[in-house]
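Here is how the chains run, residue by residue.
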Amino acid sequence: PTTIRTRDQALAPLATNCRLKELVQWECQFKEYVCSPFKRLFEHCIAPDKSATNYEVTDTYTN
Amino acid sequence: FLRNTLIAISWVPVLLTINNNVVHIAQVKGTSMTLNDWVLLWKFGVKNPSNLSRDDIILFKAPTNPRKVYCKRVKGLPFDTIDTKFPYPKPQVNLPRGHIWVEGDNSIDSNTFGPISSGLVIGKAITIVPWKISKR
Amino acid sequence: KTFSYAIRSLCFLHIIHMYAYEFTETRGESMLPTLSATNDYVHVLKNFQNGRGIKMGDCIVALKPTDPNHRICKRVTGMPGDLVLVDPSTERFGTYIKVPEGHVWVTGDNLSHSLDSRTYNALPMGLIMGKIVAANNFDKPFIWGFKWINNTFLDV
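Residues numbered from 1 in each chain as written. Chains lettered and ligands numbered in written order. Predicted model: local features only at pLDDT ≥ 70, side-chain atom pairs only at ≥ 80, totals over all residues. Heavy atoms only, no water.

Quick word on the overall build of chain A
Each helix and strand in chain A was counted, giving 1 helix and 4 strands. When the elements of chain A are put in sequence order from the N terminus, they spell out β-α-β-β-β. Over its C-alpha atoms chain A spans a radius of gyration of 15 Å, topping by over 25% the 11 Å that the globule rule assigns to 63 residues. Across its three principal directions, the C-alpha atoms of chain A cover 50 × 25 × 25 Å. The buried share among the 63 residues of chain A stands at 32%. Carbon together with sulfur atoms contributes 52% to the accessible area of chain A, which is approximately 4,000 Å² in total. (Helix = DSSP H or I, 4+ residues; strand = E, 2+ residues; numbered from the N terminus. Rg over C-alpha atoms; globule rule 2.2 N^0.38 Å. Buried < 20%, exposed > 50% of the residue type's maximum accessible area, 1.4 Å probe, protein only. Areas by Shrake-Rupley, 256 points an atom, 1.4 Å probe, with all protein chains shown as cover.)

Describing the state of the cysteines
Residues and elements named next belong to chain A. In this structure the tally under the stated criterion is 2 disulfides over all chains. Here Cys 18 connects covalently by a disulfide to Cys 45, the sulfurs 2.0 Å from one another. Judged by the sign of its S-S torsion, about 105°, the bond between Cys 18 and Cys 45 is right-handed. The side chain of Cys 28 participates in a disulfide bridge whose partner is Cys 35; the two sulfur atoms lie 2.2 Å from each other. (Disulfide = S-S within 2.5 Å.)

Overview of a nonpolar patch on the surface
Residue and element names in this part refer to chain C. A cluster of nonpolar residues, Phe 12, Ile 16, Tyr 21, Phe 23, Phe 138, Phe 142, Ile 143 and Trp 144, forms a patch on the protein surface that exposes about 800 Å² of accessible area. The set of elements that each furnish at least two residues to the nonpolar patch consists of helix H1 (2–19) and strand S1 (21–26). Checked against the element boundaries, Phe 12 lands in helix H1. Residue class for Phe 12 comes out partly exposed when judged on its relative accessible area of 47%. (Patch = residues over 30% accessible without salt bridge, like charges linked within 9 Å, V, L, I, M, F, W, Y side chains within 5 Å. Salt bridge = Lys/Arg side-chain N within 4 Å of Asp/Glu carboxyl O.)

Examining the pattern of salt bridges
Residues and elements named next belong to chain C. Here the structure, examined in full by the defined rule, presents 12 salt bridges over all chains. Note that Arg 71 and Glu 22 form a salt bridge whose closest N and O atoms lie 3.0 Å from each other. Here the residue Arg 71 occupies a position in strand S4 (residues 67–78), and Glu 22 occupies one in strand S1, the gap between them amounting to 49 residues. The exposure class of Arg 71 is partly exposed, given its relative accessible area of 35%. As a salt-bridge pair, Asp 87 and Arg 118 come within 3.2 Å of each other at their nearest N and O atoms. For Arg 118, a relative accessible area of 17% puts it in the buried group.

Description of the nonpolar core
By size, the foremost hydrophobic cluster in this structure holds 39 residues, and its most contacted members are Ile 58 and Ile 100 of chain B together with Ile 60, Val 104 and Leu 123 of chain C. Broken down by secondary-structure element, the contributors of at least two residues to this core are strand S3 (57–62), strand S4 (65–76) and strand S7 (99–103) of chain B together with strand S3 (59–64), S4 and strand S7 (103–107) of chain C. Every residue in contact with Ile 100 of chain B, bar those within four places of it in the chain, is listed here: Leu 52, Ile 58, Val 74, Gly 76, Leu 77, Pro 78, Leu 95, Ser 110, Pro 115, Ile 116 and Val 121 of chain B. (Core = buried A, V, L, I, M, F, W, Y, C linked by side-chain atoms within 4.5 Å. Contact = heavy atoms within 4.5 Å.)

A few points about the interface of chain A and chain C
In this complex, chain A contributes 35 residues to the contact, which on the side of chain C involves 38 residues. For the chain A and chain C pair, buried surface summed over both sides reaches about 3,200 Å², with 57% attributable to carbon and sulfur atoms. At the junction of chain A and chain C, the tally comes to 0 salt bridges. For the pair chain A and chain C, the interface holds 18 residue pairs in polar contact (both at pLDDT 80 or more). Looking at the side of chain A that touches chain C, the elements with two or more residues in it are strand S1 (4–5), helix H1 (7–11), strand S2 (17–30), strand S3 (33–46) and strand S4 (52–56) of chain A. Among the elements that make up the side of chain A that touches chain C, the one with the highest residue count is S2 of chain A (11 residues). Summarising the sheet, S2 of chain A and strand S11 (residues 153–155) of chain C pair through 3 bridges and their orientation is antiparallel. Paired with Lys 21 of chain A across the strands is Asp 155 of chain C, a residue of S11 of chain C. (Buried area = accessible area lost by both parts, 1.4 Å probe. Polar contact = N/O pair within 3.5 Å; in protein donor to acceptor, adjacent residues only side chain to side chain. Pairing = 2+ DSSP bridges.)

Concerning the packing of aromatic side chains
With the rule as written, the count across this model stands at 9 aromatic pairs over all chains. Taken together, a centroid distance of 5.4 Å and an interplanar angle of 75° make the contact between Tyr 88 of chain B and Trp 101 of chain B edge-to-face. Residue Tyr 88 of chain B is located in the loop between strand S5 (81–83) and strand S6 (92–94), and its partner Trp 101 of chain B is located in strand S7; the two are separated by 13 residues in the primary sequence. With respect to class, Tyr 88 of chain B is no different from Trp 101 of chain B; both count as buried. When the ring of Phe 23 of chain C is compared with that of Phe 138 of chain C, the centres are 6.3 Å apart and the planes differ by 85°; the resulting orientation is edge-to-face. By relative accessible area, which is 33% here, Phe 23 of chain C ends up partly exposed. (Phe/Tyr/Trp six-rings, centres within 6.5 Å; stacked < 30°, edge-to-face > 60°.)

Concerning the confidence of the model for chain B
Across chain B, the average pLDDT comes to 86, with 100% of residues at 70 or higher. Confidence, read as mean pLDDT per element, is least for strand S1 (residues 23–27) of chain B in chain B (83) and greatest for strand S8 (residues 116–117) of chain B (92). (pLDDT = per-residue confidence, 0-100.)

Details of the sheet that holds S1 of chain B
Strand-to-strand pairing in sheets goes through backbone hydrogen bonds, with the strands running parallel or antiparallel. Residue and element names in this part refer to chain B. Spatially, the 7 strands line up as an open sheet ordered S1-S2-S9-S3-S4-S7-S8, and their pairing is antiparallel. The open sheet has two edge strands, S1 and S8, and neither has a second partner. Direction of pairing for S1 relative to strand S2 (residues 38–42): antiparallel, over a ladder of 5 bridges. Directly across from His 24, in S2, lies its bridge partner Leu 41.

This is the structure in structure tokens:
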């Protein structure tokens, strides 16, 4: 069972080296298929113990 | 000698295939189960929920750590309604398609990690190798 | 004698398929445009079984959580402990989930036509069969539309 978090709750830990990474996915419609890219942005944070956590920061302006 | 060794080696994949897909012998550790023991595991077709029945003892990959194997009893099959207990957050749960509910007889089980996909099942305990729900 | 040879060779192939490498067909629109909807065959490395060594942005094959007789191929878009948006595709940017221990978040590359973690929640790593590293398309002329499938999680 997993709980839904709000953006503020999820990104609170962000406020360890972080860098911005992107992962491009697509939205394809059958018109042949026409695909438009959908970019997703993540803060990729590496803690001193080398463990990495990604925080998705995709927002209205990303695409 | 070389020839016989090669022949012996050529049968290793056959043994492995049988071990992986048909029968296997597995050790059961811990106190959560009737058991504690080495059990004979039936593996053929066990990932298919229609080949599992309630109260079967199964071994499955822990959903929280794929390198761990848990041994529990099947308490619910797909679409059953289960009365849960603490620490499950809801009093009742409907099992989705392809999911089963597992509990120990004595246990970290579905009440902690929820219904499990039957694809995680490794095998069904048949015998010890010195010998047994709100709405269905 | 023939029978014995056949058994041994088949089992040998099966073991290779289980633990090392598999070449298998994929179908469906969920991984467009990375994999085409028909006649794409993928090269799968099985040492990534159970999610061992899987990274964010990898393309994986797994058993379908709701039906172990079917297999899915998806992109890993969240590792254990990550905070990801449940569905940002076109509420969108305010609904997060923390990927539980031992699970990964998977979405099809084609967010418009994909049944994935957005519906059935995070995928237990125990269901992962392997990592897709390359694909062939037999609709292409004979090589045969070979392409590498790369990790898509990149620095901006």
